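The residues making up each chain are set out below.
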Amino acid sequence: MFRRKRERISQGRSDLFDGLPDDIVISILCKLVSTARCPSDYISILITCKRLNRLGLQPLVLSRAGSKTLAVRARNWSESAHRFLKQCVTAGNVEACYTLGMIRFYCLQNRRSGASLMAKAAIRSHAPALYSLAVIQFNGSGGSKTDKDLRAGVALCARAAYLGHIDALRELGHCLQDGYGVRRDVAEGRRLLVQANAREIASVLRAVAPASHHHVLTWQVENQPRRNGISAGSADPDFVVRCSLMSDFGCDASAREVHPANRFLTEWFGSRESDHWLRLCSHGGCGRPESRRNEFRRCSACGTVNYCSRGCQAQDWKLRHKAECTPLDRWFDPDGDYGEDDRMAEVEEVGGGPI
């Protein structure tokens, strides 16, 4: 009797959610997936009911998913995660193109497909994809040493810098200072480095404004056990690397959050036993591995750290390596009197000359 009464009461009520048009629900879902803080926020929507599951997998919704929604962890990588990223790529999601491109190029070693996906994102003015392609061109990643294209790397860096990518600005500044792939212009290179530092400090101040009780000035890397000179990842979902800011002027501050693609690389290679000759970029927020022997550059003073780019070297110097670098010829110097500029290791290739 009570069950029949409850059924009559429920039949008399109107379900307002079922009465909403699909267009309105899809619009709300697009906003949710673009601002989600982690993949679980999106998954919780899909498992709520059949209607949300159906609408949440619509191409329009998948195309709006943000980088944090697509932030799959290396330990959770599976065929279903791969399939979901491919669905987002098919829907036209630029972040998915970049993330899956990085995973395929470096982790799955599918160079052609990975580079194609990153190029697809770069065509749509995705700054991180442009910068990653520039690093590939500078190093000749996925090919031989003769496959380097310095001019193409500079052009890609310039485009990413124009879009406001801070690492690209810093990389372009160092290229101009050193005359690497472009005519040397020390003054212009210095101006770009100052601009990169100013943009980075501004972005950090905006990010830490809500949590003003934290001290802004710091230069430590948190939550990162080290492997081969780099961090091996963290269980912390926020995974924030604190790297150097105003690196040319000795001021360090809490840095931007690491992009999920770089975090995936760091976790992937940090948890796997690789070939003994495989070196990883020593900058904690990078995670890029070599694709061939002696691809990355090393510190010419101590030879213990490796970098995929000048930008990573410049940041890691003020962050960590400045205090750790001990040139062999300085060990036997009784005076030990040398300035900071003398200790700034010049970047050079292993087995090659200065670049």
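Attention in this report is confined to the structure presented alongside it.

Reading the values: rules and limits
- Residues numbered from 1 in each chain as written.
- Predicted model: local features only at pLDDT ≥ 70, side-chain atom pairs only at ≥ 80, totals over all residues.
- Heavy atoms only, no water.
- Helix = DSSP H or I, 4+ residues; strand = E, 2+ residues; numbered from the N terminus.
- Buried < 20%, exposed > 50% of the residue type's maximum accessible area, 1.4 Å probe, protein only.
- Polar contact = N/O pair within 3.5 Å; in protein donor to acceptor, adjacent residues only side chain to side chain.
- Expected span 1.5 Å × (residues − 1).
- Bend = angle between axes of the 7 residues up to and from the residue.
- Phe/Tyr/Trp six-rings, centres within 6.5 Å; stacked < 30°, edge-to-face > 60°.
- Lys NZ or Arg CZ within 6 Å of the ring centre and 35° of its normal.
- Salt bridge = Lys/Arg side-chain N within 4 Å of Asp/Glu carboxyl O.

It is worth spelling out the environment of Arg297 at this point. Within the element layout of this structure, Arg297 appears in strand β3 (residues 297-299). By relative accessible area, Arg297 is classed as buried at 1%. Separated by eleven residues in the primary sequence, Arg297 and Cys308 have C-alpha atoms spaced 6.6 Å apart. Within the structure, the side chain of Arg297 is placed 3.1 Å from the side chain of Asn139, a separation counted as a polar contact.

This brings us to helix α15 (residues 310-324). Here α15 contains 15 residues, and its C-alpha end-to-end distance of 18 Å is more than 12% below the 21 Å for a straight helix at 1.5 Å per residue. At Trp317, α15 shows its largest kink, close to 70°. Turning to α15, its buried residues are Arg310, Gly311, Cys312, Gln313, Ala314, Gln315, Asp316, Trp317, Lys318, Leu319, Arg320 and His321.

One pair of aromatic rings is described through two measures. These are the centre distance and the angle between the planes. Summed over all chains, the structure comprises five aromatic pairs. Note on Phe138 and Tyr180: the rings are 5.8 Å apart at their centroids and 35° apart in plane angle, and the pair reads as tilted. With Phe138 in helix α10 (residues 127-139) and Tyr180 in the loop between α12 (166-178) and α13 (186-208), this pair connects stretches of sequence that are 42 residues apart. As far as burial versus exposure is concerned, Phe138 and Tyr180 are alike and both buried. Taken together, the ring pairs connect Trp77, Phe264 and Trp268 into an aromatic cluster. Here Arg51 stacks its cationic end above the ring of Phe17, 5.0 Å away from the centre of that ring. Above the ring of Tyr180, the side-chain terminus of Arg310 is found at 3.7 Å from the ring centroid.

With that settled, the discussion passes to the pattern of salt bridges. Summed over the entire model, instances satisfying the criterion amount to ten salt bridges. Here Asp167 and Arg170 are joined by a salt bridge, their closest N and O atoms 3.9 Å apart. Of the two residues, Asp167 and Arg170 both sit in helix α12, three residues apart, roughly one turn of that helix. On the accessibility criterion, Asp167 (17% relative accessible area) is buried. With a closest N to O distance of 2.7 Å, Glu324 and Arg320 form a salt bridge. A residue pair is termed a helical-turn pair when its members lie 3 or 4 positions apart in one helix, as Glu324 and Arg320 do in helix α15 at four residues. Exposure remark for Glu324: the relative accessible area of 46% places this residue in the partly exposed category. Salt bridges linked by common partners bring Asp22, Arg51 and Arg54 together as one network.

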